[in-house]
Amino acid sequence: MANALDPHAAIVTKAGGLDRQGTLRTADGRPLKAALARSSRRARRRAFFLVLPLLLFVLITFVLPIGQMLQRSVKNDGFSANMPQLTAWFHDNPRGTQPDDAAWAALAADLAAAAQARTIGVVGTRINYDMPGTRSLFTSAGRKARGGIDPPYRQAILDMDETWGDPKLWSVMRMAASPYTANFYLAAVDRTRDDQGQITAVPEQQQIYVKLFMRTFWLSLAITATTFLLGFPVAHLLATLPMRQSNLLMILVLLPFWTSLLVRTTSWIVLLQQQGVVNDMLVWLGLIGNGQRLQMIFNQTGTIIAMTHILLPFMILPLYSVMRTINPSYVRAARSLGATSWTAFRRIYFPQTLPGLGAGALLVFILAVGYYITPALVGGASGQLISNMIAMHMTQTLNWSMAAALAALLLAGVLILYWVYDRLVGIDNLKLG
Amino acid sequence: MALPTYASPLEKVWHYAYLAICAAIFFFLIAPIVVVIPLSFNAEPYFTFTDKMLSLDPEGYSLRWYDSLLTFGMARPDAPRDLTWWADAWQNAKWVNAAKSSIIIGVFSTLVATVLGTLAALGLSRPEMPWRRAIMAILISPMIVPIIITATGMFFFYSNPCEPLTWIGLDPQCGRLAGTYLGVILAHATLGIPFVIITVTATLVGFDQSLNRAAASLGANPRTTFFRITMPLILPGVISGALFAFVTSFDEVVAVLFIAGPDQQTIPRQMWNGIREQISPAILAVATLLVIFSIALLTTVELLRRRSERLRGLTPR
């Protein structure tokens, strides 16, 4: 109802006024409530239409490709699309059926057809993912089967290679007969299926992915910790200096931030390599002999040093913006009440920096777990992270489904951290410089 | 931060130790960037200071690596340096071509990212924007998702952009985007968008919406209001965002490695190959040029930031 104290209500009342039923109306006679709802709907629509073009752009060029990648991680029709008859036989006969004459005939026909169509390599590659060492089995069978295989099929195929009778091979082919599989995810956590279809751990020497995930986690944590140790004093200094001086020193933080990543990585190679500047300096100072130059790059140490340098601004900037707002009189009050400077720092100052610390640490950790370029260039063998394994599967082994499965697991981890970041810090508070 | 007069001797020692630690950390931050500059003038193909360089002997320094940036890839690098030589350099020198590709891709991706990003930031800063948080999270995610994942997804998408249509039962034929300039430009625009969104929304936080209402009440239509009132005020933020987007594209190598063809040989890609194969001081010459470039950009962005703060009245003049 119109409130005499509310000036807006007064205006509305004058222009439209109350009708006989007691509803407020606008000047042109519509109910005020509906008019307001309509205008706020229009404002919402207008705001949304401003965002829509970009939203569509990002959905198409970013979200959709990632969806496509996720689909790859569960779908691989290399076998099922090129071996249709055997796929149909697997479909008709339940697990545990011994391969009968019909199965061998289907295998022979498919092998001959795939050899003709030159897709036998694709089939072999697909089976090879689940049973290493079988790619050549398919390609050599394809060479022999090009002119067709004569019955009795079972004997003819077993004559090519005894491995064709291996129950494990048939079990793997049965799994591959379905284009959708979770096997790449199993492989990404070092698990596989035995010939009964049960999930088991892969042999010890092939367990690489879990180790790599753990290494990525621990290295990222180490990098986050070193950025904190180096970033905290600097942010504190910048926040407590007078504006003019801190702006000047801030340039030293922002310049690395604006410098090309490849330039910074190159610099670290130049500085840290065995014939590099740091080793030369240590030899010149007589700290180490010329024969015992330190190996500081192309290993984990190199990855940690270079990535700490690269990610340090992401820790300093949020810490700085929080520290800037801390009122110095709290610490002074603590001191005047008898706290030592250490107690005042620990109990009064440090807790107030926690929002900035949380923001910086989460951001650095999120960026570190997905880092690719720097570990690839300075990591050597021991400093590679999970991203480098994804790249290797994409560009060298061409096992795209495996790369997609590893990427999906990494993505899940990053998205969880991103969600936490949004909850704790809010994406709106992300600042660049 | 001055030491209080009541500080004990121990606190004084700690204070100076703290300043020394900070100085060391600043050194750690800046030394790797500065060190490449003198090394790029090395007369020898080494990555360390030679004795001649340390004794400041002019013979220890040379411009040979800068020269090699021009001559590398030229048809006749030893010809006399007349107009044909320069034309040859412009046409064939690998680093010159890399710079051209980088600039083309950078400029166009920045345009796309800035126009779309600014519009979206305007919408996102309106209080009535629906699903603001979720949409913002999606638009910022290209910056958060590891580049290798983005590049992997883009590799599948750009080699066959029509594949997702087969999920809904269609079977269209379309060309590849991978290996084309358009593909790389779209990919880099996606990667640059979060930076535009962040800087422009940050500028709009202090924006006084009543200015727009005042313009409207004085009879300006929405377009006039935007170009005459809003735009001049948020322009510094928009330019900063555009510079961020440009730098992102100018420094991006992973997406380029995954989706670019041999024609889109950008500077970072050329550097990447150089570092992986045989690293020569020519890389340091490029690095020095890039450092100078980033100093110029940083200065511009800082000036813009101050101007924007002054315009919005955040800091007294």
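For clarity, every value in this text was computed on a predicted model and none was experimentally measured. (Residues numbered from 1 in each chain as written. Chains lettered and ligands numbered in written order. Predicted model: local features only at pLDDT ≥ 70, side-chain atom pairs only at ≥ 80, totals over all residues.)

**Thoughts on the overall build of chain A**
Secondary structure assignment for chain A yields 19 helices and four strands. In terms of overall dimensions, chain A has C-alpha extents of about 100 × 95 × 35 Å along its principal axes. Within chain A, the proportion of its 433 residues that are buried is 39%. (Helix = DSSP H or I, 4+ residues; strand = E, 2+ residues; numbered from the N terminus. Buried ≥ 20, exposed ≤ 12 C-beta atoms within 10 Å, placed from the backbone.)

**Side note on the UniProt feature "transmembrane region" (unreviewed entry) in chain A**
When the UniProt feature table is mapped to this numbering, "transmembrane region" (unreviewed entry) covers residues 47-67, 217-241, 248-271, 304-322, 356-378 and 398-421 of chain A. As annotated, residues 398-421 of chain A has a helix share of 92% and a strand share of 0%, and its two end C-alpha atoms lie 34 Å apart. (UniProt positions renumbered as here; feature names shortened; annotations may be inferred.)

**Notes on the UniProt feature "domain: ABC transmembrane type-1" (unreviewed entry) in chain A**
Per the UniProt annotation, the sites labelled "domain: ABC transmembrane type-1" (unreviewed entry) are residues 213-421 of chain A. Secondary structure content for residues 213-421 of chain A is 79% helix and 0% strand, and the end C-alpha separation is 21 Å.

**Let's talk about the environment of Leu272 of chain A**
Residue and element names in this part refer to chain A. By the element assignment, Leu272 lies in helix α12 (residues 261-272). Along the primary structure Leu272 and Thr192 are separated by 80 residues, whereas in three dimensions their C-alpha atoms are 41 Å apart. Among all residues touching Leu272, those that are not within four sequence positions of it are Val278, Met296, Ile297, Gly302 and Ile305. (Contact = placed C-beta atoms within 7 Å.)

**Thoughts on unusual backbone geometry**
Glycine aside, negative phi is the norm for most residues, and most peptide bonds take the trans geometry. Non-glycine residue Arg118 of chain A carries a positive phi angle of around 55 degrees. Looking at the secondary structure, you find Arg118 of chain A in the loop between α4 (101-116) and α5 (120-130). At Trp131 of chain B, a position not held by glycine, the phi torsion is positive, near 45 degrees. Considering the arrangement of structural elements, one finds Trp131 of chain B in the loop between α5 (94-124) and α6 (132-144). With 13 C-beta atoms packed within 10 Å, Trp131 of chain B lands in the partly exposed category.

**Observations concerning the domain arrangement of chain A**
Each assigned domain of chain A is listed here: domain 1 (7-74), domain 2 (84-181) and domain 3 (209-429). Its C-alpha centre places domain 1 of chain A at a distance of 60 Å from the equivalent point of domain 2 of chain A. (Domains from an automatic or database assignment.)

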